[in-house]
Amino acid sequence: MKLTEYKIVNEKFPGKYTFALISDLHGDEPCGIIKILEETAPDFILAPGDIFEPLEDKNNELNEAGFELLQASAKIAPTFFSPGNHEIGGVRSWLPKPKLSFEKEKKYSEYSLKRLAETGVRFLDDAYCVYDGIAFGGLCSGIINPEQKPKLDFLSDFCAGDMPKVLLCHHPEYYKKYLKGLDIDLIVSGHAHGGQWRFFGRGVFAPGQGLFPKYTSGIHDNRLVISKGLKKGRTIPRIFNSPEIVKITIAPK
Ligand SMILES: [Fe+2]
């Protein structure tokens, strides 16, 4: 697990703020991650999805690692979490052109909502809140919606006003499609796992983007930051692509 750092200059922020970005845990062991978060001591922690497998009763045991991570995060710094495609049960999104429709209603089990509330994180599910003079929004994955479109309605309210705005958005491919023209200062994503295999600094494949995708890691347009994810290995191994925690420092100069 490595710590990747980015710095952003943005005059909307009245001082220096640090954010830790954690995404795509997918049931992995959280202890090493918690240690790095403690050492990094960020002002805020942002978790834009796929921390859990579908938030259904059958996954309670598997999801305990995610609850443990978020509970520890919320003790280190105010932590914001928004759902990715896995939390809402859209788990076959790696198909380039899915023939199977995911269309269904979004549901979380009572147990999952109770455990999530116990962690102390702020759960941003197509919603935003204002904390410490910053607006934090969470755009849920739209993968189970008609045409797989995210629910963008809350963004007009979120984007109104002068305060700095931070949006958690699991899918980095939404940036170009839905978010690029909006007044948002920091957008954090995951989902692409760095493109799974990386050669010459470039990922090979990402769900929703296909082969040689543009948005798999790094910083884009001085405001979109993409995590390669936390999970060490999957059924498909990572190649030249370490899991990472990302630290983002934003300051007016
Ligand atoms: Fe994902």
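Before reading on, note that the structure itself is shown above.
All values reported here derive from a predicted model rather than from experimental measurement.

Asks: Which residues make up the packing of helix α2 (residues 60–76) against helix α3 (residues 110–119), and what are the values?
Replies: Packed helices, taken two at a time, are described by their axes: the angle between them and the distance between them. Relative to each other, α2 and α3 sit at 20°, their axes nearing to 8 Å. As summarised for this structure, α2 and α3 are arranged roughly parallel, according to the angle between their axes. For the crossing formed where α2 meets α3, the hand is right-handed. Across the interface between the two elements, N60, E64, F67, L70, Q71 and A74 from α2 touch Y111, S112, R115, L116, E118 and T119 from α3. For the contact of α2 with α3, the per-class residue count stands at five nonpolar, four polar and three charged.

Asks: Explain the coordination of the iron ion residue by residue, including any values.
Replies: Taken together, the protein donors to the iron ion comprise D50 (OD), N85 (OD1), H170 (NE2) and H191 (ND1), at separations of 2.1 to 2.2 Å. In this structure, the iron ion is surrounded by four donor atoms whose angles at the metal cover 88 to 170°, and the resulting shape is irregular. Residue class for D50 comes out buried when judged on its relative accessible area of 2%.

Asks: Which residues make up the pairing of strand β3 (residues 44–47), and what are the values?
Replies: Looking along a regular strand, one sees the side chains alternate between the two faces of the sheet. Taking every second residue as pointing to the same face, both faces of β3 are buried, with F44 and L46 on one and I45 and A47 on the other. Summarising the sheet, strand β2 (residues 17–21) and β3 pair through three bridges and their orientation is parallel. Within the sheet, the bridge partner assigned to L21 lies in β3 and is L46. As for the winding sense of the linkage, the β-α-β connection from β2 through helix α1 (residues 31–40) to β3 is right-handed. As judged from the three bridges shared by β3 and strand β4 (residues 79–81), these two strands associate in the parallel manner. Within the sheet, the bridge partner assigned to I45 lies in β4 and is T79.

Asks: Any chance you could break down a nonpolar patch on the surface for me, citing the residues and the numbers?
Replies: On the surface, a nonpolar cluster with roughly 530 Å² of combined accessible area is contributed by F199, F200, I239 and F240. Here I239 falls in the partly exposed class, since its relative accessible area comes to 31%.

Asks: Could you give an account of the sheet that holds β4, naming the residues involved and the relevant values?
Replies: Picture the strands of a sheet paired through backbone hydrogen bonds; they go either parallel or antiparallel. Sheet architecture is open: six strands sit in the order β1-β16-β2-β3-β4-β5, paired in mixed fashion. The open sheet has two free edges, formed respectively by β1 (2–9) and β5 (122–123), since each of these has just one partner strand. In the sheet, β2 pairs with strand β16 (residues 244–251) via five bridges, with the strands oriented antiparallel. Of the residues in β16, the one forming a bridge with L21 is V246. Those strands touched by α1 are β1, β2, β3 and β16, and its axis lies near 20° from that of β16. Against the sheet, α2 touches β3 and β4, its axis set at about 145° to β4.

Asks: Outline the sheet that holds strand β14 (residues 218–220), supporting the account with residue identities and numerical values.
Replies: Strand order in the open sheet formed by six strands is β6-β7-β8-β9-β15-β14, and the pairing between neighbours is mixed. Either end of the sheet is taken by a strand with one partner, and the two such strands are β6 (127–131) and β14. Strand-to-strand twist of the sheet, defined as the mean angle between neighbouring strand axes without regard to direction, takes the value 20°. Note that strand β9 (residues 186–189) and strand β15 (residues 224–226) share three bridges and pair parallel. Within the sheet, the bridge partner assigned to V188 lies in β15 and is V225.

Asks: Could you give me a rundown of the nonpolar core, with the residues and numbers involved?
Replies: Residues I22, L69 and L70 are the most contacted members of the largest nonpolar core, which totals 29 residues. Listed by contribution, the elements that provide at least two residues to this core are α1, β3 and α2. Tallying contributions element by element places α2 first for this core, with five residues. Non-local contacts of I22, meaning those with residues more than four positions away in its chain, are made with I33, L37, I45, L46, A47, P48, I51, L69, L70, S73, L230 and I245.

Asks: So what about the side chain of R115? Which residues, and what values?
Replies: Mapping R115 onto the fold places it in helix α3. There is a polar contact of 3.0 Å between the side chain of R115 and the side chain of E118. Dropping the residues within four chain positions of it, R115 is found in contact with E64, F67 and Q71.

Asks: Residues and numbers for the packing of aromatic side chains, please.
Replies: One pass over the full model with this rule turns up 19 aromatic pairs. Judged by centre distance (4.6 Å) and plane angle (45°), the ring pair of F52 and F67 falls under tilted. Taken as a pair, F52 in the loop between β3 and α2 and F67 in helix α2 lie far apart in primary sequence, 15 residues in all. Assessed through its relative accessible area of 0%, F52 is described here as buried. Between the aromatic rings of Y175 and Y215, the centroid separation amounts to 6.0 Å while the plane-to-plane angle is 75°, which identifies the pairing as edge-to-face. Note that Y175 is positioned in helix α5 (residues 174–179) and Y215 in the loop between β13 (210–211) and β14, a separation of 40 residues in sequence. On the accessibility criterion, Y175 (2% relative accessible area) is buried.

Procedures and definitions
Residues numbered from 1 in each chain as written. Predicted model: local features only at pLDDT ≥ 70, side-chain atom pairs only at ≥ 80, totals over all residues. Heavy atoms only, no water. Axes fitted to C-alpha atoms, helices over the stretch in contact; angles between N-to-C directions. Helix = DSSP H or I, 4+ residues; strand = E, 2+ residues; numbered from the N terminus. Parallel < 35°, antiparallel > 145°, perpendicular 65-115°, else oblique. Left-handed = near helix turned anticlockwise from the far one by under 90°. Contact = heavy atoms within 4.5 Å. Nonpolar A, V, L, I, M, F, W, Y, C, P; charged D, E, K, R; others polar. Donors = N, O, S within 2.8 Å, 3.2 Å for Na, K, Ca; no water. Tetrahedral: all angles 85-135°; square planar, octahedral: opposite > 155°, others 65-115°. Buried < 20%, exposed > 50% of the residue type's maximum accessible area, 1.4 Å probe, protein only. Pairing = 2+ DSSP bridges. Right-handed = clockwise from strand over helix to strand, strands pointing away. Patch = residues over 30% accessible without salt bridge, like charges linked within 9 Å, V, L, I, M, F, W, Y side chains within 5 Å. Areas by Shrake-Rupley, 256 points an atom, 1.4 Å probe, with all protein chains shown as cover. Salt bridge = Lys/Arg side-chain N within 4 Å of Asp/Glu carboxyl O. Core = buried A, V, L, I, M, F, W, Y, C linked by side-chain atoms within 4.5 Å. Polar contact = N/O pair within 3.5 Å; in protein donor to acceptor, adjacent residues only side chain to side chain. Phe/Tyr/Trp six-rings, centres within 6.5 Å; stacked < 30°, edge-to-face > 60°.

Geometric descriptors of this kind do not, in isolation, establish any biological role.
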